[in-house]
Amino acid sequence: MFLRMSAAIAAVGLLGSAALAQGAKPTDPQIAHIAYTAGVIDIAAAKQAISKASNKDVKAFAEDMVRDHEAVNKQALDLVKKLKVTPEDNDTIKAMSTQATEKLAELAKLKGAEYDKAYVANEVAYHKAVNGALETQLIPSASNAELKSLLQTGLKIFQGHQQHAEHVAAGLK
Amino acid sequence: MTPRRIFLLVAAVMAGISVPAEAATIQITMENLVFSPAEASAKVGDTIEWINKDIFAHTATARNGDWDVTMPPQKTVTLVLKKAGSIDYYCRFHPNMKATLTVAP
């Protein structure tokens, strides 16, 4: 369980390391796609939680995640259109998507309080990892000012989600 | 009731109405996940106009439980202050959003 969770987190860690390994900064289209994918992954996890969670705070948290991440992603899509860039697929995104699918399948097997705890713990870890990637890699690499500003808003909102998730996690103990 | 008494009564009511007219409306804005101003002052009876400029829903939740206001994205919600105190509040959805409102009696 812990190994699997760290694998999922490592995938998000790739946001930074994969780009570094290539010795090049991610391009704006890549950054936009990575940020968008990170949102899609969290929305999928939240939708699963809305149907599976038993604790009302966990369910409410999941609803907040869908609402906020859909709002951010709508802005991201609008920006991508405005900038006339085509989001680029790459190995980081493929790794993120694969790990996320595995994580969803793993969570799907859990029930009740066990599920609630696992979902919230993963949300804390996931937002932490995404925030780290935003701060150290994506924001500094973004060259378009509007993209940078959207990522900065994203960082603030995800930091809020991390604190919210930590609060919900504390309430489950 | 004599006309004079009615006059006095009307005068008293008018005076009564003029008290709320003195109450102020204070605007607190949420933009880019920040409450602004972060420190605001008001009096009991004043109205707070919570202006949410973000695309996200926010709350202004008093830590002492006095009030809990929810603002949908890009909407303004008002709250009339009924109790005095120095109130720390935050957004339940984004607990990194924090501010203080001092309400004088």
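One structure accompanies this document, and this report is about it.

### Concerning the environment of Pro 73 of chain B
Topologically, Pro 73 of chain B is positioned in the loop between β6 (68-71) and β7 (76-80). Classification of Pro 73 of chain B by C-beta neighbours within 10 Å gives partly exposed; the count is 15. Along the chain, Pro 73 of chain B and Phe 56 of chain B lie 17 residues apart, while their C-alpha atoms are 4.8 Å from each other. Discounting residues that sit within four places of it in the chain, Pro 73 of chain B has contacts with Ala 71 of chain A together with Asn 52, Asp 54, Ile 55, Phe 56 and Ala 57 of chain B.

### Quick word on helix α5 (residues 112-141) of chain A
Here α5 of chain A contains 30 residues, and its C-alpha end-to-end distance of 41 Å stays within 8% of the 44 Å for a straight helix at 1.5 Å per residue. Leu 134 of chain A marks where α5 of chain A bends most, by close to 45°.

### Structural notes on the sheet that holds β7 of chain B
Residues and elements named next belong to chain B. Spatial ordering of the open sheet is given by β2-β1-β4-β7, a layout of four strands whose pairing is mixed. Two strands lie at the open edges of the sheet, namely β2 (34-36) and β7, each paired on one side alone. Ignoring which end each strand starts from, the neighbouring axes of this sheet average 20° apart. Note that strand β1 (residues 25-31) and strand β4 (residues 47-52) share six bridges and pair parallel. In the strand pairing of β4, Thr 25 is matched with Thr 47.

### Points about the environment of Gly 39 of chain A
Residue and element names in this part refer to chain A. Examined against the element boundaries, Gly 39 turns out to sit in helix α2 (residues 28-52). Measuring from C-alpha to C-alpha, the distance between Gly 39 and Ala 53 comes to 20 Å, with 14 residues separating the pair along the chain. When sequence neighbours within four positions are dropped, the list of residues in contact with Gly 39 reads His 69, Val 72 and Asn 73.

### Looking at the packing of helix α3 (residues 56-82) of chain A against helix α6 (residues 145-171) of chain A
All names here are of chain A. As a packed pair, α3 and α6 sit with axes 11 Å apart at the nearest point and diverge in direction by 175°. Classed by the angle they form, the pair α3 and α6 counts as roughly antiparallel. Residues Asp 57, Val 58, Phe 61, Asp 64, Met 65, Asp 68, Val 72, Gln 75, Ala 76 and Leu 79 of α3 form the contact with α6, whose own contacting residues are Glu 146, Leu 147, Leu 150, Gly 154, Ile 157, His 161, His 164, Ala 165, Val 168 and Gly 171.

### What to know about the pairing of strand β9 (residues 98-104) of chain B
Residues and elements named next belong to chain B. Both strand β3 (residues 39-43) and β9 contribute to a ladder of five bridges, which runs parallel. Bridge pairing in β9 links Ala 40 to Leu 101. Taken together, the six bridges between strand β8 (residues 85-90) and β9 define a ladder with antiparallel strand orientation. By the bridge assignment for β9, Tyr 90 is matched with Lys 98.

### Overview of unusual backbone geometry
Residue and element names in this part refer to chain B. Residue Pro 37 is bonded to the preceding Ser 36 through a cis peptide linkage, with omega at 0°. Among the secondary structure elements, Pro 37 is positioned in the loop between β2 and β3. Although it is not a glycine, Asn 32 sits at a positive phi angle of roughly 50°. Inspection of the secondary structure puts Asn 32 in the loop between β1 and β2. Phi angles above zero are rare outside glycine, and Gln 74 is one such case at about 50°. Take Gln 74: it is sitting in the loop between β6 and β7. Its 12 C-beta neighbours within 10 Å are what place Gln 74 among the exposed residues.

### Some points on the packing of α2 of chain A against helix α4 (residues 91-108) of chain A
All names here are of chain A. For the pair α2 and α4, the least separation of the axes is 10 Å and the interaxial angle reads 5°. One element, α2, and the other, α4, form an angle in the roughly parallel class. From α2, His 33, Ile 34, Thr 37, Ile 41, Ala 44, Ala 45 and Gln 48 reach across to α4, where they touch Thr 92, Ile 93, Met 96, Ser 97, Ala 100, Leu 104, Leu 107 and Ala 108. Residue composition of the contact of α2 with α4, grouped by class: 10 nonpolar, five polar and no charged.

The rules behind each value
- Residues numbered from 1 in each chain as written.
- Chains lettered and ligands numbered in written order.
- Predicted model: local features only at pLDDT ≥ 70, side-chain atom pairs only at ≥ 80, totals over all residues.
- Helix = DSSP H or I, 4+ residues; strand = E, 2+ residues; numbered from the N terminus.
- Buried ≥ 20, exposed ≤ 12 C-beta atoms within 10 Å, placed from the backbone.
- Contact = placed C-beta atoms within 7 Å.
- Expected span 1.5 Å × (residues − 1).
- Bend = angle between axes of the 7 residues up to and from the residue.
- Pairing = 2+ DSSP bridges.
- Axes fitted to C-alpha atoms, helices over the stretch in contact; angles between N-to-C directions.
- Parallel < 35°, antiparallel > 145°, perpendicular 65-115°, else oblique.
- Nonpolar A, V, L, I, M, F, W, Y, C, P; charged D, E, K, R; others polar.

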